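Chain and residue survey
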Amino acid sequence: MSLERINPAELSPPKGFSHAVAATGSRLVFLAGQTALDASGKVVGESLPEQFEQALGNLLAALAAAGGTPADLARVTVYAVDVADYRLRAAELGRAWRRLAGRDYPAMAVIGVVRLWDEQALVELDGLAVLP
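The structure reproduced in this document is the subject of the present report. In this convention, every chain numbers its residues from 1, walking through the sequence in written order. At least 70 in pLDDT is required for a residue's local features to be given in this predicted model, at least 80 for side-chain atom pairs to be given and counted, and no such filter applies to totals for whole chains, interfaces and linings, which use all residues. Each side-chain value is derived from all of the structure's non-hydrogen atoms; neither hydrogens nor water enter the calculation.

1. Points about the overall build of the protein
Each helix and strand counted, the protein has 3 helices and 6 strands in total. Reading the secondary structure of the protein in the N-to-C direction produces β-β-β-α-β-α-α-β-β. When we talk radius of gyration, it's over C-alpha atoms, and the globule rule is simply 2.2 Å times the number of residues to the 0.38. For 132 residues, the compact-globule estimate of 2.2 N^0.38 gives 14 Å, and the protein sits close to it at 14 Å. With the C-alpha coordinates aligned to their principal axes, the bounding extent of the protein is approximately 35 × 35 × 25 Å. The cut-offs for exposure are 20% and 50% of the maximum accessible area for each residue type, with area from a 1.4 Å probe on protein chains only; residues under the lower value are buried, those over the upper are exposed, and the others partly exposed. When each of the 132 residues of the protein is scored for burial, the buried share is 35%. When checking whether two residues touch, look at their non-hydrogen atoms; a contact exists if any pair is within 4.5 Å. Counting only contacts in the protein whose residues sit at least 6 apart along the sequence, the fraction spanning at least 24 positions is 74%. His is not counted here, nor are the chain ends, while Lys and Arg score as positive and Asp and Glu score as negative. Every charge is mapped onto a representative atom, which is NZ of Lys, CZ of Arg, CG of Asp or CD of Glu. If the 12 positive side-chain charges of the protein are averaged to one point and the 15 negative ones to another, these points end up 5 Å apart. Under the DSSP-based scheme used, a helix requires at least four consecutive residues in state H or I and a strand at least two consecutive residues in state E, with every element numbered from the N terminus.

Here you go:
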């Protein structure tokens, strides 16, 4: 399996994402949306950074259970109830990403939503990984 991160010079330099990811491999893993739920099913964390870290940890736990690593992520979509707050805290969220997932960034998008399934949830992440 290999992922090629593609960031053309004619596009704005990416910060915390890749413009495109070309994947070759034999196993696709579709990762369901993960919020800041703990093992008991309760949303943990009051702030966006706290919830982002828990949600990302949950996404990576599902990926690990499927036999993958953060480097296998080809695509992640972030759903945020407050995109302005997400942008304001981007540096802090980026540090959490690098600590948990490293610097091999997938193709990403952040989408503003009115609310998530759990009313207390501020952010949700889903993804696609390509495994050997």
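Let's pick the thread back up.
2. Some details on the packing of helix α1 (residues 48-65) against helix α3 (residues 90-101)
The geometry of α1 relative to α3 is characterised by a closest axis approach of 10 Å and an angle of 25 degrees between their N-to-C directions. Taken together, the axis directions place α1 and α3 in an arrangement best described as roughly parallel. Here α1 and α3 pass one another in a crossing that is right-handed. Along the contact surface, α1 presents Leu48, Pro49, Phe52, Glu53, Leu56, Gly57 and Leu60, while α3 presents Glu92, Leu93, Ala96, Trp97, Arg99, Leu100 and Ala101. Between N-to-C directions, angles cover 0 to 180 degrees, with each direction set by a line fitted to C-alpha atoms, over the stretch in contact for helices. Here roughly perpendicular refers to angles of 65 to 115 degrees, roughly parallel to angles under 35, roughly antiparallel to angles over 145, and oblique to all remaining angles. Take the far helix as your reference; a near helix turned counterclockwise from it by less than a right angle gives a left-handed crossing, and one turned clockwise gives a right-handed crossing.

3. Description of the nonpolar core
The definition of a nonpolar core used throughout is a set of buried Ala, Val, Leu, Ile, Met, Phe, Trp, Tyr and Cys residues joined through side-chain atoms within 4.5 Å. In this structure, Phe52, Leu73, Val76, Trp97 and Leu125 are the most contacted members of the largest nonpolar core, which totals 25 residues. Secondary-structure elements contributing two or more residues to this core are β3 (27-34), α1, β4 (73-80), α3 and β6 (123-131). In terms of residue count, the dominant contributor to this core is α1 (7 residues). In contact with Leu73, not counting residues within four places along its chain, are Leu3, Arg5, Leu31, Leu60, Leu63, Trp97, Pro106, Leu128 and Ala129. Among the nonpolar cores identified, the runner-up in size contains 5 residues, and Leu3, Ala74, Ala107 and Val130 belong to it.

4. Considering α3
Taking 1.5 Å of rise per residue, 12 residues should cover 16 Å, and α3 covers 15 Å from first to last C-alpha, within 8% of that figure. Within the sequence span of α3, burial applies to Leu93, Gly94, Ala96, Trp97 and Ala101. Looking down the long axis of α3, one finds its buried residues gathered within 160 degrees of arc, a one-sided arrangement. Taken together, the buried residues of α3 touch α1, β4, α2 (83-88), β5 (107-112) and β6. Every helix has an expected span of 1.5 Å times one less than the residues it contains. This arc describes the spread of directions from the helix axis toward the C-beta atoms.

Shape descriptors only; they carry no functional weight alone.
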